[in-house]
Amino acid sequence: MKKYSSKRILVTGGAGFLGSHLCERLLEEGHEVLCVDNLYTGRKANISHLLKNPDFEFKRHDVRFPLYVEVDEIYNLACPASPVHYQYDAVQTIKTALEGAINMLGLAKRLRTRIFQASTSEVYGNPLVHPQTEDYWGNVNPIGLRSCYDEGKRCAETLFFDYHRKYGLKVKIARVFNTYGPRMHPNDGRVVSNFAIQALKGEDITVYGDGSQTRSFCYVDDMVEGFIRLMDSPDDFTGPVNLGNPHEISILELARKIIHMSGSCSRIIFKKLPSDDPMQRKPEISLAKEKLGWMPATYLDKGLEKTLGHFERLLKDRDENVIKLKDIKKAVSLK
Ligand code: NAD
Ligand code: UDP
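Residues numbered from 1 in each chain as written. Chains lettered and ligands numbered in written order. Predicted model: local features only at pLDDT ≥ 70, side-chain atom pairs only at ≥ 80, totals over all residues. Heavy atoms only, no water.

### A closer look at the pattern of salt bridges
The condition is simple: For this document, the term salt bridge refers to a Lys or Arg side-chain nitrogen within 4 Å of an Asp or Glu carboxyl oxygen. Using a 1.4 Å probe on the protein chains alone, a residue whose accessible area is under 20% of its type maximum counts as buried, one over 50% counts as exposed, and one in between counts as partly exposed.
Taken as a whole, this structure holds 23 salt bridges when the rule is applied. For Lys291, the salt bridge identified is with Glu290, shortest N-O distance 4.0 Å. Residue Lys291 is classed as partly exposed on the basis of its relative accessible area, which comes to 43%. Using a relative accessible area of 61% as the deciding quantity, one classes Glu290 as exposed. It is possible to trace a salt-bridge network through shared partners that takes in Glu122, Arg146, Arg215, Asp277 and Arg281.

### Regarding the packing of aromatic side chains
Keep this limit in mind: Stacked, edge-to-face and tilted are the three classes for Phe, Tyr and Trp ring pairs, Trp counted by its six-membered ring, which pair at centre distances within 6.5 Å; planes under 30 degrees apart are stacked, over 60 edge-to-face, the rest tilted. Every helix listed is a DSSP run of H or I at least four residues long, and every strand listed is a run of E at least two residues long, numbered separately from the N terminus.
The full count for this structure, using the stated rule, is 8 aromatic pairs. For the ring pair Tyr163 and Tyr167, a centre distance of 5.4 Å and an interplane angle of 55° mean the geometry is tilted. In this pair, Tyr163 and Tyr167 are both assigned in helix H4 (residues 147-167), 4 residues apart and thus about one turn of the helix distant. Residues Tyr180 and Tyr219 carry aromatic rings whose centres are separated by 5.6 Å and whose planes lie at 65° to one another, so their mutual orientation is edge-to-face. Taken together, the residues span a long stretch of sequence, with Tyr180 in strand S7 (residues 179-180) and Tyr219 in strand S10 (residues 218-219) at a distance of 39 residues.

### Some words on the site of ligand 1
Selection criterion: What makes a residue near a molecule or strand is one non-hydrogen atom of that residue sitting within 4 Å of it. In the analysis that follows, any N or O atom pair within 3.5 Å is treated as a polar contact, provided that within protein one partner can donate a hydrogen and the other can accept it, and provided that, for residues neighboring in sequence, both atoms belong to side chains. Where accessible areas are quoted, they stem from the Shrake-Rupley method and a 1.4 Å probe; at the residue level, only the protein chains shown are allowed to cover. When residues are sorted by character, Ala, Val, Leu, Ile, Met, Phe, Trp, Tyr, Cys and Pro go into the nonpolar class, Asp, Glu, Lys and Arg into the charged class, and all the rest, Gly among them, into the polar class.
Not every one of the 30 residues close to ligand 1 is listed here, only the nearest: Asp37, Thr41, Leu77, Tyr149 and Lys153. At 3.0 Å, a backbone N or O of Gly16 approaches an oxygen atom of ligand 1. Take Phe17: an N or O atom from its main chain is 2.9 Å from an oxygen atom of ligand 1. Considered on its own, ligand 1 offers 820 Å² of accessible surface; in the complex 96% of this is hidden by protein. At the level of secondary structure, the elements contributing two or more residues to the shell around ligand 1 comprise helix H1 (17-28), strand S5 (114-120) and H4. Broken down by element, the residue count for the shell around ligand 1 peaks at 3 residues, all from S5. A class-by-class count of the residues in the shell around ligand 1 yields 14 nonpolar, 11 polar and 5 charged.

### Comments concerning the state of the cysteines
Spelled out, the test is: When two cysteine sulfur atoms are found within 2.5 Å, that pair is recorded as a disulfide.
Inspection of the entire model under this criterion finds 0 disulfides. Cysteine Cys148 remains unbridged, with the sulfur of Cys79 as its closest cysteine sulfur at 8.3 Å. According to the relative accessible area criterion, Cys148 is buried, its value standing at 9%.

### With respect to the nonpolar core
Let me state the cut-off plainly: The term nonpolar core refers to a set of buried residues drawn from Ala, Val, Leu, Ile, Met, Phe, Trp, Tyr and Cys, joined through side-chain atoms within 4.5 Å. Contacts: residue pairs with any heavy atoms within 4.5 Å of one another.
Leu22, Tyr75, Phe116 and Phe227 are the most contacted members of the largest nonpolar core, which has 59 residues in total. Of all the elements, helix H6 (residues 220-231) adds the most residues to this core, at 7 residues. Those residues within four positions of Leu22 in sequence are excluded, and the remaining contacts are Val11, Tyr75, Leu77, Val224, Phe227 and Ile228. Counting 24 residues, the second largest nonpolar core, distinct from the first, contains Ile74, Ala78, Ala156 and Phe160.

### Looking at the site of ligand 2
Close contacts around ligand 2 come from 18 residues, with Thr206, Tyr208, Arg215, Asp277 and Arg281 the closest. Between an oxygen atom of ligand 2 and a side-chain N or O atom of Arg146, the distance comes to 2.9 Å. One of the side-chain nitrogen or oxygen atoms of Asp277 is found 2.6 Å away from an oxygen atom of ligand 2. Taking 520 Å² as the accessible area of ligand 2 by itself, protein coverage stands at 95%. Among the elements of the structure, helix H5 (191-201) and strand S8 (205-208) are those that each provide at least two residues to the shell around ligand 2. Looking at the shell around ligand 2 residue by residue, the classes come out as 7 nonpolar, 5 polar and 6 charged.

### A word on unusual backbone geometry
In this model, His130 is joined to Pro131 through a cis peptide bond whose omega is -10°. Structurally, Pro131 can be placed in the loop between S5 and H4. Cis geometry marks the peptide bond from Gly239 to Pro240, where omega comes out at 0°. You will see that Leu39, though not glycine, has its phi angle at about 60°, which is positive. Along the polypeptide, Leu39 turns up in the loop between strand S2 (32-37) and strand S3 (56-60). Of the residues examined, Leu39 reaches a relative accessible area of 16% and is grouped as buried. Phi at Arg183 takes a positive value of approximately 80°, unusual for a residue other than glycine. Structurally, Arg183 can be placed in the loop between S7 and H5.

Here you go:
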């Protein structure tokens, strides 16, 4: 039976890594979910297990175009997130960030609903303040390779606040720090998926630069919990609020950890550091603790164990499919 507080909730980017986990969690809580995605970086496989749920609906749609639906809440996640993906077509990335925000804000304005924005730690650029607090305005290159994403997300925050001030819209902005877990796209070029796949295949682990740059990795379930707490927080709390795990680790250390945990024979090789790659990143999460009672609960080792398990299964299924395909071809050629 449905809870009396059950809502119809729109998740844009719902077929992506974070979006699919969010859809799953909202369904578990008894809500109806409308997942909107153009499948640019997301995959049907991420949501295939939800399609048989009568409370789940998938709509293929590009948020750069207006959307006419009736919902009670909006989570706006649609945007490629991996540097490789968002730089592949920088113009489409910035259009998705801006036009997507404008279209979803327009929808929220018509429906008078709360709207959540998945912003990013990238708004701090290559930060000169460490750890990063929400009142730090950042150090962002406006014309570099990462700018389509960084500046797109910064301007989206501006739009959210202008709609809030001008129309009294109830906005919720999360600044998401590096998140990892099952269903990351195996080829999306992000560090955890790259290292996990390389280690499991026994290939060289590609550390960019000397690996001294740091990141702080948050497990996906913790992040989704943060999203929901922020959406459910009192109207006067808009954010921006940092969501991430403050446990900081260098990329070289991460490579060694993944090799160790997977029992891999991979060696570490060093490649050129991409331009504008931030040297350090660690969230200050006092605001999230105070306002949302939120902090991450998953240790890196535990989260990596689950993530490695996921990629291991993925590779095994793929190998089995290749073998099956070979058998089919052999059988056909024998006839
Ligand atoms: P993802 O690439 O797996 O998911 C993004 C989803 O958005 C995909 O399903 C993609 O197909 C969809 N999409 C892209 N452009 C679209 C468009 N024009 N119209 C409709 N759908 C579109 O990435 P993710 O890691 O799940 O990230 C989700 C959100 O969280 C993004 O907004 C990202 O900026 C933000 N974020 C993620 C991280 C992280 O570490 N995962 C960190 C900071 C911010
Ligand atoms: N990185 C790396 N090897 C890889 C992929 C990424 O050394 O195969 C580094 C990258 O240069 C960056 C960090 O890992 O310093 C995190 O990269 P990711 O793309 O996951 O996210 P970012 O935080 O840069 O957006």
